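Here are the chains, one letter per residue:
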Amino acid sequence: MSRQYNCNKCPAYCCSYGRIVVTKRDIKRLARHFSIDPSLAEKKFTKKGSKAGERVLRHQEDEHFLTICRFIDPETRNCTVYSARPKICREFPGEGRCGYYDFLTFERRAQEDPEWIATTDGL
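Source: prediction; values computed, not measured.

### Notes on the pattern of salt bridges
Line of reasoning, step 1. Using the criterion set out here, one finds 6 salt bridges in the structure.
Line of reasoning, step 2. Across the salt bridge formed by E54 and R19, the nearest N and O atoms sit 2.5 Å from each other. Of the two residues, E54 sits in the loop between β2 (46-48) and β3 (55-57) while R19 sits in the segment before β1 (21-22), which places them 35 residues apart along the sequence.
Line of reasoning, step 3. Here D26 makes a salt bridge to R29, at a shortest N to O gap of 2.9 Å.

### Quick word on the environment of E61
Line of reasoning, step 1. Its location among the elements puts E61 in strand β4 (residues 59-62).
Line of reasoning, step 2. For E61, a relative accessible area of 73% puts it in the exposed group.
Line of reasoning, step 3. For the pair E61 and P74, spaced 13 residues apart in the sequence, the C-alpha separation amounts to 9.2 Å.

### Section: the pairing of β4
Sheet faces and side chains relate simply in a regular strand, where the side chains alternate between the two faces.
Line of reasoning, step 1. Bridge analysis of β4 against strand β5 (residues 66-69) gives 4 bridges, and the strand direction is antiparallel. The residue of β5 that forms the bridge with D62 is L66.
Line of reasoning, step 2. Connecting β4 to the antiparallel partner β5 that follows it, the hairpin turn spans 3 residues.

### Considering a positive patch on the surface
Line of reasoning, step 1. Together, R25, K28, R32 and R90 give the surface a local cluster of positive charge.
Line of reasoning, step 2. Take the positive patch: its biggest share by element is 3 residues, from helix α1 (residues 24-34).
Line of reasoning, step 3. Tracing the backbone through its elements, the reader meets R90 in helix α3 (residues 87-91).
Line of reasoning, step 4. Since its relative accessible area comes to 36%, R90 is described here as partly exposed.

What counts and what doesn't
- Residues numbered from 1 in each chain as written.
- Predicted model: local features only at pLDDT ≥ 70, side-chain atom pairs only at ≥ 80, totals over all residues.
- Heavy atoms only, no water.
- Salt bridge = Lys/Arg side-chain N within 4 Å of Asp/Glu carboxyl O.
- Helix = DSSP H or I, 4+ residues; strand = E, 2+ residues; numbered from the N terminus.
- Buried < 20%, exposed > 50% of the residue type's maximum accessible area, 1.4 Å probe, protein only.
- Pairing = 2+ DSSP bridges.
- Patch = residues over 30% accessible without salt bridge, like charges linked within 9 Å, V, L, I, M, F, W, Y side chains within 5 Å.
- Areas by Shrake-Rupley, 256 points an atom, 1.4 Å probe, with all protein chains shown as cover.
- Lys, Arg positive; Asp, Glu negative; His and termini not counted.
- Charge placed at Lys NZ, Arg CZ, Asp CG, Glu CD.

Okay, here's the thing in structure tokens:
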């Protein structure tokens, strides 16, 4: 079994994807979480996606990735709605590994430093 990256150490890379698609069921789950009507949850938490009829999560400004999912706590980098997170988040990364794991593995080899972490210093 190959070693996988511990998501608890990640700066929420996957949450910076601009297109985090949500379903009607996801919106209902978020509505229940916040005790609001699903139509209000859809308006408040989502926006139109790039494909017809698609809804995606709204973002907030982020010091690391420009923008990130609105449900990420910028201090802890944790999901604030973890128990109500969308299906796409529950299933990530699917059959493969996350891109941040691959990026970090490559950079640690290139830097010859097994503890190297990407930062925004000097960018």
